[in-house]
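# A closer look at the structure
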Amino acid sequence: MAIHQQLLNEFQRDFPLSPSPYADIALQLGVTEDEVLIALGKLVENQSISRIGAIVPPNSIGVSLLAAMAVPAEQLDEIAEWVSSLPEVNHNYEREHRFNLWFVVNASHDGHMEDVLGHIQQRTGLAILRLPLLEEFHIDLGFPLEFIGAT
Amino acid sequence: MDDPILLDETDRRIIRATQSGLPLVPRPYHVIAEKLGLTADEVMARIEDLIEFGIIRRIGAVPNHYKLGYTANGMTVWDVPDEQVDVLGKRIGALDCVSHCYHRPRYLPQWPYNLFAMVHGRSREEVEAKANTIAGLLGEHNRAHTILYSTRILKKTGLRIGD
C-alpha cells in the first residue's frame, strides 16, 4: 500500500519529463519499473487517480468561466444532463443551495463564450450567474492526502 | 487573459494527447510522439516550453478525492471587503486544507460572496472545522459566508481544447 500512497502524494506534480518517467519514479522509490506501472494501473483502474497527464490552469488556453444557475428541482436532472453534454463544459456539480448547478465553461475566445452562455440561457430559460476568475490565490500544486485505506 | 496565447496546432495536439492520460508503458512520450508523427524529443521539448510559459501547470497524477475517502466537498464562499481581498485571499490560499482559492465578482443582490475557497474533507464536520479556521483568519473582515456542499459530480474532465 505504501507505494500507492507515495505515488499519489509525490507525483501529483513533477512527474518526470524524461523518456522513461516510470523507471525514474521507480528509482526514486526504490522499486522496479514494473511495480510502478502495475501500481499506477491499479490506481487508475480503481479510480483513485482520475488521470495522469497535463494539468492546464484556468484561462491559459482560451477563456473560462464559473457559472451557476438556480434550477427548479423538477428540472434539475434533465438540465444537469444537458449542460454536462456540452463539449465546452468540463466541470459540472450539483450543490446544496438555491444556486444548485455549478459548472465551468471553456471557450476559445470571448465571442465563443457569449455564444455558449446565450445558448444555455435560451435553452433553459434560466439566468446564469457569471463568476469569472479575477485572481487565483492558491496555485494548485497538488493536495496532500492522508490515507484511510481507500485504495 | 483576454487574448489566448498563440499555440500552434502541434502544441494543441500534444496538450490534448497528454491531458487525457499519459500511457502506462515504459516509454509513454514515444507512444504519444508516434501517434502525432513527431519524435519523443520534440514532444518533451514542447511540453517543457509549455510548462515554462504556464500553458501547462504540471504533469502529474490527478487524484480523485471522492474515491480516496474525501467525500465531503465544500465550496466555502465569503463576503470580504474588496480592498482586503488580495491580502486575505493569499492568507486563505496558503492554508493546507484549501485546494483552490479564488477572487470572483459578486453578483448582487443574489450573490454577495467574492472569495471562494475549496475545502475537501472526509465528513461535513471536518469541512466545517476547516471553514472555522478560515473564519478565524478572516476575523472581522468576514461579513457573511456559507458552505455549498456538492451532492453530485455530474462531469469532471480535463479542459477540452477546441480547434
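These numbers were taken from a predicted model, which means no experiment stands behind them. (Residues numbered from 1 in each chain as written. Chains lettered and ligands numbered in written order. Predicted model: local features only at pLDDT ≥ 70, side-chain atom pairs only at ≥ 80, totals over all residues. Heavy atoms only, no water.)

### Focus on the pattern of salt bridges
All names here are of chain B. Enumeration according to the criterion identifies 14 salt bridges over all chains in this entry. A salt bridge links Arg-46 to Asp-8; its shortest N-O distance comes to 2.9 Å. Of this pair, Arg-46 sits in helix H3 (residues 40–52) while Asp-8 sits in the segment before helix H1 (9–19), placing them 38 residues apart in sequence. Using a relative accessible area of 35% as the deciding quantity, one classes Asp-8 as partly exposed. Arg-16 is paired through a salt bridge with Glu-9; the nearest N and O atoms lie 3.9 Å apart. Salt bridges sharing common partners tie together Asp-79, Asp-82, Arg-106 and Arg-143. (Salt bridge = Lys/Arg side-chain N within 4 Å of Asp/Glu carboxyl O. Helix = DSSP H or I, 4+ residues; strand = E, 2+ residues; numbered from the N terminus. Buried < 20%, exposed > 50% of the residue type's maximum accessible area, 1.4 Å probe, protein only.)

### Overview of the interface of chain A and chain B
With 82 residues of chain A in contact, the opposing surface of chain B contributes 80 residues. In this structure, A:Glu96 and B:Arg124 form a salt bridge, with 3.1 Å as the shortest nitrogen-oxygen distance. Between chain A and chain B we count 29 residue pairs in polar contact (both at pLDDT 80 or more) in total. Of the residues contributing to the side of chain A that touches chain B, the split by class is 45 nonpolar, 22 polar and 15 charged. (Contact = heavy atoms within 4.5 Å. Polar contact = N/O pair within 3.5 Å; in protein donor to acceptor, adjacent residues only side chain to side chain. Nonpolar A, V, L, I, M, F, W, Y, C, P; charged D, E, K, R; others polar.)

### Details of H1(B)
Residue and element names in this part refer to chain B. The set of residues buried in H1 consists of Thr-10, Asp-11, Arg-12, Ile-14, Ile-15, Thr-18 and Gln-19. By the N-cap criterion, in which a side-chain oxygen at the helix start approaches the backbone nitrogen of a residue two or three places on, H1 is capped by Asp-8, the distance to Thr-10 being 3.1 Å. Phi turns positive one or two residues past the end of H1, at Gly-21, with a value near 145 degrees.

### Here we look at the environment of B:Lys130
Residues and elements named next belong to chain B. In this structure, Lys-130 sits in helix H5 (residues 124–138). On a C-alpha basis, the gap between Lys-130 and Gly-60 in space is 26 Å, while along the polypeptide they are 70 residues apart. Among residues more than four places away in sequence, those in contact with Lys-130 are Cys-97, Val-119, His-120 and Gly-121.

### Some thoughts on the pairing of strand S1 (residues 49–55) of chain A
The buried fraction of S1(A) is high, at six of seven residues. Here S1(A) runs beside strand S1 (residues 58–63) of chain B; their pairing, made up of six bridges, is antiparallel. Within S1(B), the position partnered with A:Ile49 by the bridge is B:Pro63. (Pairing = 2+ DSSP bridges.)

### Considering the environment of A:Ser108
Residues and elements named next belong to chain A. With respect to the helices and strands, Ser-108 occurs in the loop between strand S4 (101–107) and helix H5 (110–124). Accessibility expressed as a relative area gives 30% for Ser-108, which makes it partly exposed. Linking Ser-108 and Glu-135, residues 27 residues apart in sequence, is a C-alpha distance of 20 Å.

### Examining the state of the cysteines
Here, disulfide denotes a covalent bond that connects the sulfur atoms of two cysteines. Residue and element names in this part refer to chain B. One pass over the full model with this rule turns up zero disulfides over all chains. Cys-97 carries a free sulfur, and the closest cysteine sulfur to it, the one in Cys-101, is 10 Å from it. The class of Cys-101 is buried, set by a relative accessible area of 0%. (Disulfide = S-S within 2.5 Å.)

### Some points on the side chain of B:Arg104
Secondary-structure assignment places B:Arg104 in the loop between strand S3 (98–103) and strand S4 (115–121). Despite being buried, B:Arg104 has no salt bridge partner; A:Glu136 is the closest side chain of opposite charge, sitting 8.3 Å away. One polar contact links the side chain of B:Arg104 to the main-chain carbonyl oxygen of A:Leu131, over a distance of 2.7 Å. Excluding residues that lie within four positions of it along the chain, B:Arg104 makes contacts with A:Leu66, A:Leu131, A:Pro132, A:Leu133, A:Leu134, B:Tyr113, B:Asn114 and B:Phe116. (Lys, Arg positive; Asp, Glu negative; His and termini not counted.)

### Section: helix H1 (residues 2–10) of chain A
Every buried residue of H1(A) is listed here: A:Ile3, A:His4, A:Leu7 and A:Leu8. The arc enclosing the buried residues of H1(A), seen along the axis, measures out at 130 degrees, which places them on a common side. Elements that come into contact with the buried residues of H1(A) comprise helix H2 (21–29), helix H3 (33–45) and S1 of chain A together with S1 of chain B. (Arc of directions from axis to C-beta.)

### Details of the packing of H1(B) against H3(B)
All names here are of chain B. Two elements in contact, H1 and H3, have axes separated by 10 Å at closest approach and are oriented at 90 degrees. It follows from the interaxial angle that H1 and H3 lie roughly perpendicular. Touching Thr-10, Asp-11, Ile-14, Ile-15 and Thr-18 of H1 are Val-43, Arg-46, Ile-47 and Leu-50, all from H3. Residues belonging to the contact of H1 with H3 are distributed by class as follows: five nonpolar, two polar and two charged. (Axes fitted to C-alpha atoms, helices over the stretch in contact; angles between N-to-C directions. Parallel < 35°, antiparallel > 145°, perpendicular 65-115°, else oblique.)

### Side note on the pairing of strand S2 (residues 63–69) of chain A
Residue and element names in this part refer to chain A. Counting buried positions over the seven residues of S2 gives seven, a clear majority of the element. Residues Val-63, Leu-65, Ala-67 and Met-69 point to one face of S2 and Ser-64, Leu-66 and Ala-68 to the other, with burial holding for every one of them. Where S2 and S4 come together, seven bridges link them in antiparallel fashion. In the strand pairing of S4, Leu-65 is matched with Val-105. In this structure, S2 lies alongside strand S5 (residues 129–131), joined through three bridges in antiparallel fashion. Each residue of the ladder has a partner; that of Ala-67, found in S5, is Arg-130.

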